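# Close look at the chain arrangement
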Amino acid sequence: MKIVSVEQMRQMDQTAISEFGIPDQLLMENAGLASYEKIRDRFDLQKDKFLIVCGGGNNGGDGLVVARKLFSNEAKVQVVLLSNPSKFKGSAHLNYQIAQQMKIPTQSIENAQDFETLLPAFDVIVDAIFGTGLDREVGGKYRDIIQAINRSGKPVVSIDIPSGINGNTGQVMGIAVKADMTITFGLPKLGNLLLPGFEYNGQLFVTHISFAPKIFNNPEVQTQTNDPVELPERPTDAHKGFCGKVLFVAGAANYLGAPYFAAHAFLKAGGGLSYLATPRQIASTIAMQGPEIIFQPLQATESGSIAHENLDFLLEFSEDMEMVIVGPGASLQAETQQLIRDLLEKSPKPVLVDGDGLTAVAKDPACIKFRQAPTILTPHPGEMARLLNISIGEVQKNRVEVLRRACKELNAIIVLKGAHSLIGHPDGRVYMNLSGNPGMATAGSGDVLTGTIAAMYALLKDPLLATRIGVFLHGLAGDLAAQKMGMDGLLAGDILQHLPEALQHYRRHWREMKNQNYGKISLV
Ligand SMILES: NC(=O)C1=CN([C@@H]2O[C@H](COP(=O)(O)OP(=O)(O)OC[C@H]3O[C@@H](n4cnc5c(N)ncnc54)[C@H](O)[C@@H]3O)[C@@H](O)[C@H]2O)[C@H](O)CC1
Ligand SMILES: [K+]
């Protein structure tokens, strides 16, 4: 499903109006109706009393339509206006006039105390304060009223987006309504799905409010959910080589976990032959954990990391490989970091760079910028910040645009890890992954992801698709593990052990998971 920015949604509204002749009033009526229907399904119109809290823009206008529908169905409603009604424009103004003529109980609220006095008499709150037009921090009486709504303990329905969430970034603009259910229109906004905004929606519904498919399938919208696709079958006569040969260049003294998790995850996710080039001294210890891995012992530096003299061997050895994975547990030793940069620059093979490999790239990104073969990077926000020389705060404040910029600048497919990981391509496409859970933020989890992406590359031979499906499967494995054992104390090894089950589940249920947006977005 496509995910839009605030500006793109405004353009879609304009297209609906100018190209299809759908009047503005009809869009607002549809938005209000869709919201009303969800409210009617969830609550008891005969018993519950509804408080509709309206701001001064079109979001407030949608709220007035909801109030009218409830009122027409003889529910008890009260509208409160937080802004002077003379400021309503267009369709919102029209709906205000209708509400007046129908004598829907309406009250202007000057301060938060008056609002708090009203609250106890109502059972359900409809939040129509701010939608996508929120353009500054929430302060003054708006802040106090949102605080009162959140403290009330009453069920809250947000119209379009919880008030206080930035529609483009998902950031909380000072304070935001914590909803139980959100009904959004046309398509989900970035702010509905990016964290922390996503957590404020409660259950998220999307309704198309009579947009033509041409509008919501607009190819210019380049952000979308990371939907599963059907995986090719493994042929009955599959041999090890068919399922791919990849080389991991990873590990150093004291860094035995990362290379093991990455190289083993490749096998657990269906990969054929997993070669691990690692310092001689640690190879046998890792082999005890993962005897299925094939080792290529390397010369080591004094501190036990991979020495630069291995470069020619690694280039030659990788000729026969489908992909080279560089960096897990490779250490920050200067000589090794230089080896990584030289290897990336010289290798004509698809590469995936993770962990300490990303630090090497950050120091001199030219080593990947001009590569001909595909490059995949899997940074967490801290590593992304280093790659672009900005702060982590700047990365997190606008994850989609920062990722888009990084993919272009670095000429790479990039996974920006974190809740709802993003996958970006240099051509501007960005995919938001919906699988996974907070329990997966654990040491070694990223190494398991690396191996999973490599296995998907061996199967699919398409770097973007492999990265997308690898991220999805990794999240799914974490979700299956968490279903059994909970999120606390979930370890990388648990994610790894659940990869085969995740693949089995994926092959059986990919279509439902796609159609249901992994249970995270419901279509109305
Ligand atoms: N296709 C659709 O998505 C449709 C959406 N509709 C609804 O329209 C709103 C967007 O309406 P808009 O008038 O642009 O903005 P808002 O109602 O969100 O708010 C603007 C209003 O609020 C003031 N304001 C902004 N920030 C603050 C602040 N921090 N403090 C105080 N006041 C603030 C601003 O100055 C304006 O006065 C969309 O979300 C949908 O709900 C259509 O109804 C149907 C089509
Ligand atoms: K709202």
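What counts, and where the lines are drawn
- Residues numbered from 1 in each chain as written.
- Chains lettered and ligands numbered in written order.
- Predicted model: local features only at pLDDT ≥ 70, side-chain atom pairs only at ≥ 80, totals over all residues.
- Heavy atoms only, no water.
- Salt bridge = Lys/Arg side-chain N within 4 Å of Asp/Glu carboxyl O.
- Helix = DSSP H or I, 4+ residues; strand = E, 2+ residues; numbered from the N terminus.
- Buried < 20%, exposed > 50% of the residue type's maximum accessible area, 1.4 Å probe, protein only.
- Contact = heavy atoms within 4.5 Å.
- Polar contact = N/O pair within 3.5 Å; in protein donor to acceptor, adjacent residues only side chain to side chain.
- Domains from an automatic or database assignment.
- Buried area = accessible area lost by both parts, 1.4 Å probe.
- Nonpolar A, V, L, I, M, F, W, Y, C, P; charged D, E, K, R; others polar.
- Near = heavy atom within 4 Å.
- Areas by Shrake-Rupley, 256 points an atom, 1.4 Å probe, with all protein chains shown as cover.

Next up on the list: the pattern of salt bridges. Summed over all chains, the structure comprises 14 salt bridges. Residues Lys69 and Glu29 are paired through a salt bridge, measuring 2.7 Å at the closest nitrogen-oxygen approach. One end of the pair, Lys69, is in helix H3 (residues 58-72); the other, Glu29, is in helix H2 (residues 24-42), and 40 residues separate them in sequence. Note on Glu29: relative accessible area 22%, which makes it partly exposed.

With respect to the secondary-structure elements, His264 resides in helix H10 (residues 257-268). What makes His264 buried here is its relative accessible area of 9%. Non-local contacts of His264, meaning those with residues more than four positions away in its chain, are made with Gln289, Glu292, Ile293 and Leu496.

Residue placement: Thr225 occurs in strand S8 (residues 223-225). Engagement of the side chain of Thr225 in a polar contact is seen with the side chain of Asp227, the distance being 2.9 Å. With residues up to four places along the chain from it excluded, the contact list for Thr225 reads Met1, Ile3, Leu193, Tyr431, Met432, Leu434, Asn517 and Ile521.

Moving on, we get to the domain arrangement of the chain. Quoted interface sizes are often the accessible area lost when the parts come together. Partitioning the chain into domains gives domain 1 (6-219) and domain 2 (254-515). Listed as interface residues are seven residues of domain 1 and, on the opposing side, eight residues of domain 2. When the buried area of domain 1 at its contact with domain 2 is split by residue, Leu193, Leu194 and Leu195 rank highest and sum to 54% of it. Where domain 1 touches domain 2, the interface holds two residue pairs in polar contact (both at pLDDT 80 or more). Each residue belonging to the side of domain 1 that touches domain 2 can be placed in one class, and the counts come to five nonpolar, two polar and no charged.

Every one of the 22 residues lining ligand 1 counts as a neighbour, but Asp13, Asn59, Asp62, Gly131 and Asp160 are closest to it. Here an oxygen atom of ligand 1 and a backbone polar atom of Gly133 are 2.9 Å apart. Taking 880 Å² as the accessible area of ligand 1 by itself, protein coverage stands at 82%. Those elements that place two or more of their residues in the shell around ligand 1 are helix H1 (6-18), H2 and H3. Class assignment for the residues of the shell around ligand 1 results in ten nonpolar, six polar and six charged.

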